[in-house]
Protein chains: 2
Amino acid sequence: MDEFRETELKKRISESTIRRLSLYHRALEIVEDNGSETVSSKELAKIEKLTPAQVRKDLSFFGSFGTRGLGYPVKDLKAKIARILGIDRVWNIALVGVGNIGSALVSYKEFARQGFKIVKLFDNDQRKIGSNHKGIVVSDIKNIVSELSGSEIEMVVICVPGSVAQFVVDDIVKAGLRAILNFAPVNLKVPDDVFVRNENMAMELEYLSYALVNNHSKNRVK
Amino acid sequence: MDEFRETELKKRISESTIRRLSLYHRALEIVEDNGSETVSSKELAKIEKLTPAQVRKDLSFFGSFGTRGLGYPVKDLKAKIARILGIDRVWNIALVGVGNIGSALVSYKEFARQGFKIVKLFDNDQRKIGSNHKGIVVSDIKNIVSELSGSEIEMVVICVPGSVAQFVVDDIVKAGLRAILNFAPVNLKVPDDVFVRNENMAMELEYLSYALVNNHSKNRVK
DNA sequence: TCATCTATGTGAAAGCCTTCACAAAATAGG
DNA sequence: CCTATTTTGTGAAGGCTTTCACATAGATGA
């Protein structure tokens, strides 16, 4: 692992490579369920609709995990990718905004399955504060800075309306947290050492809309 | 518009450009609310944390919308982008899988606001079939092919477990639909003329996990 | 009307990412 | 043990995207 850390300091690894690591991890779960001991870059590529060269190149940034002529050891590679991604542990997460989307995410099994554990909820609505969602009592957002500061929570999911998202983020930053998953449709301003990922579901539909309207078929003659 | 269609046939426009068009559209709403008549590429870039050159280059693929020395006419540019994206109309959408996420999306205001109208729900769970969500009665997924074929519905949102997503997609394709927003954590196999966008929320948390573990700060000395 | 200023539109350059193609390493089979 | 086969790991090439930098065109003000 330390070898990797050092590599990372020398060469910045692209966002796309990291995102594909998640895909490889997922593909390896499938292969593992099939009972295979090893898997080739070709097979992994097929599962996620990528190219074998891409798979090999991506993995090569982090080390040599395969055996020539044979492929990659499934269990081992999966563990190594989990280690690189930092998902070989549990992450405690707070969620702000217990509306439609927010409360759906509290019960979202895929988060739990990957070790992302929502352990605290915040809202500003008096009717919601004190109510119980899957065993978690909703806290008043007024106390967010003190309740997050120095807590075991390291990530926050934001499901509040766009108009208040920036205020919430300012508090999260004040509390010293550095990772935010944002469902509000606004560009959040944060210091350079804070990471934000945006989940913009309407934008994906807009892309589909564009594709349909422009008949943007993949196998169209150019 | 036809000028644009023709341009499009000559030069394929990148996915990133289209995604940024959505951002520009959103930024223009903000500028419009502020009461400005015109806006510069610099201002648009600031709102979405991009560069002015990027904004101008992206827009230039579709035409010359600005006035030198002045900027872009807000209302007009917003309408033109909406036209390009195909969001100057209502899209009727079916949603399959009325679980946590699915039912949250039925009430998701951002979809409605952008003209994405969920008009039909499907599920395979007998307890859910026939139940009412925001005025829509859940249909039996068995009838999905016949109910979608030739209907006014052109997009489908999939919120079913990964293990059944491919079967659902096969039916959607059979019904002749060509646009799918997929929340299941699997890579769906579709013909080349069908568009799929994947919404993988756990993957975004994995990216944050990676960033934190590798202290991947943006202003770090290389 | 003219000079100054502002901001677009866009070729060209730079940078980044993906794909190619092949040497190297290990397996498998006889 | 040796040959044929498989599949990795990786420089180099190719292709795509972003950024640069400036000519151009219109606005603004005296």
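Residues numbered from 1 in each chain as written. Chains lettered and ligands numbered in written order. Predicted model: local features only at pLDDT ≥ 70, side-chain atom pairs only at ≥ 80, totals over all residues. Heavy atoms only, no water.

Participant: Could you give me a rundown of the protein's contact with DNA strand D, with the residues and numbers involved?
Facilitator: Taken together, 25 residues form the shell around DNA strand D, and within it A:S41, A:R56, A:Y72, B:R20 and B:R68 come nearest. For DNA strand D, the fraction of protein-proximal atoms (within 4 Å) that sit in sugar or phosphate groups is 62%. Within the backbone of A:F65, a nitrogen or oxygen atom sits 3.2 Å from a phosphate oxygen of DNA strand D. A distance of 3.0 Å is found between a sugar or linking oxygen of DNA strand D and a backbone nitrogen or oxygen belonging to A:G69. Contributing elements (two or more residues each) for the surface near DNA strand D: α4 (52–60) of chain A together with α2 (15–33) and α4 (52–60) of chain B. (Near = heavy atom within 4 Å. Polar contact = N/O pair within 3.5 Å; in protein donor to acceptor, adjacent residues only side chain to side chain. Helix = DSSP H or I, 4+ residues; strand = E, 2+ residues; numbered from the N terminus.)

Participant: Lay out the relation of the copies chain B and chain A with the relevant residues and their values.
Facilitator: Relative to chain A, chain B is turned by 180° and slid 0.0 Å along the rotation axis, the superposed coordinates differing by an RMSD of 0.0 Å. Between the two chains, the operation in question is that of a two-fold axis. Relative to the rotation axis, the C-alpha of B:A104 is the closest in chain B, positioned 3.1 Å from it. Residue by residue, 100% of the interface of chain B is reproduced at the interface of chain A, so both copies engage with the same surface. (Least-squares fit on C-alpha atoms with pLDDT ≥ 70 in both. Contact = heavy atoms within 4.5 Å.)

Participant: Lay out the packing of helix α3 (residues 41–48) of chain A against α4(A) with the relevant residues and their values.
Facilitator: Residue and element names in this part refer to chain A. Contact pair α3 / α4: the axes reach a minimum separation of 8 Å and the direction vectors enclose 110°. Here α4 runs roughly perpendicular to α3, going by the angle between their axes. On the side of α3, the interface is formed by S41, K42, L44 and A45, while α4 contributes P52, V55 and R56. (Axes fitted to C-alpha atoms, helices over the stretch in contact; angles between N-to-C directions. Parallel < 35°, antiparallel > 145°, perpendicular 65-115°, else oblique.)

Participant: Describe the pairing of strand β7 (residues 155–158) of chain A, and please don't skip the residues or the numbers.
Facilitator: All names here are of chain A. Judged by which residues are buried, β7 turns out to be covered on both faces: M155 and V157 on one side and V156 and I158 on the other are all buried. Pairing analysis gives four bridges linking strand β3 (residues 91–96) to β7, with the strands arranged parallel. Bridge assignment links L95 to a residue of β7, and that residue is V157. Where β7 meets strand β8 (residues 179–182), three bridges bridge the pair, whose relative direction is parallel. Counted as the bridge partner of V156 is I180 from β8. (Buried < 20%, exposed > 50% of the residue type's maximum accessible area, 1.4 Å probe, protein only. Pairing = 2+ DSSP bridges.)

Participant: How would you summarise the domain arrangement of chain A if you had to cite specific residues and measurements?
Facilitator: Segmentation of chain A into domains returns domain 1 (2–85) and domain 2 (91–204). Put simply, the middle of domain 1 of chain A and the middle of domain 2 of chain A, counted by C-alpha atoms, are 30 Å apart. (Domains from an automatic or database assignment.)

Participant: Let's hear about the confidence of the model for chain A: which residues, and what values?
Facilitator: In regions of low pLDDT, the predicted coordinates are not meant to be interpreted in detail. Residues at a pLDDT of 70 or more form 93% of chain A, whose mean pLDDT is 93. Low pLDDT, under 50, characterises residues 1–9 of chain A; the stretch is placed with 16 contacts to residues that sit more than four places away or in other chains. (pLDDT = per-residue confidence, 0-100.)

Participant: Please provide a residue-by-residue account of the packing of aromatic side chains, values included.
Facilitator: Taken as a whole and judged by the stated rule, the model has four aromatic pairs over all chains. Ring plane angle 55° and centroid distance 6.4 Å describe the contact between B:Y207 and B:Y210, whose orientation is recorded as tilted. Taken together, the residues span about one helical turn, with B:Y207 and B:Y210 both in helix α10 (residues 201–213) at a distance of three residues. Like B:Y210, B:Y207 is buried. In this arrangement the basic side chain of A:R89 is found over the ring face of A:W91, its NZ or CZ atom lying 3.5 Å from the centre. (Phe/Tyr/Trp six-rings, centres within 6.5 Å; stacked < 30°, edge-to-face > 60°. Lys NZ or Arg CZ within 6 Å of the ring centre and 35° of its normal.)

Participant: Can you tell me about the protein's contact with DNA strand C, naming the residues and giving the values?
Facilitator: In the region of DNA strand C, 24 residues are neighbours, and A:R20, A:R68, B:S41, B:R56 and B:R68 sit closest. Of all atoms in DNA strand C that approach within 4 Å of the protein, 64% are sugar or phosphate atoms. Take A:T51: an N or O atom from its side chain is 3.2 Å from a phosphate oxygen of DNA strand C. Within the side chain of B:R56, an N or O atom sits 2.8 Å from a base nitrogen of DNA strand C. Elements supplying a minimum of two residues to the surface near DNA strand C: α2 (15–33) and α4 of chain A together with α4 of chain B.

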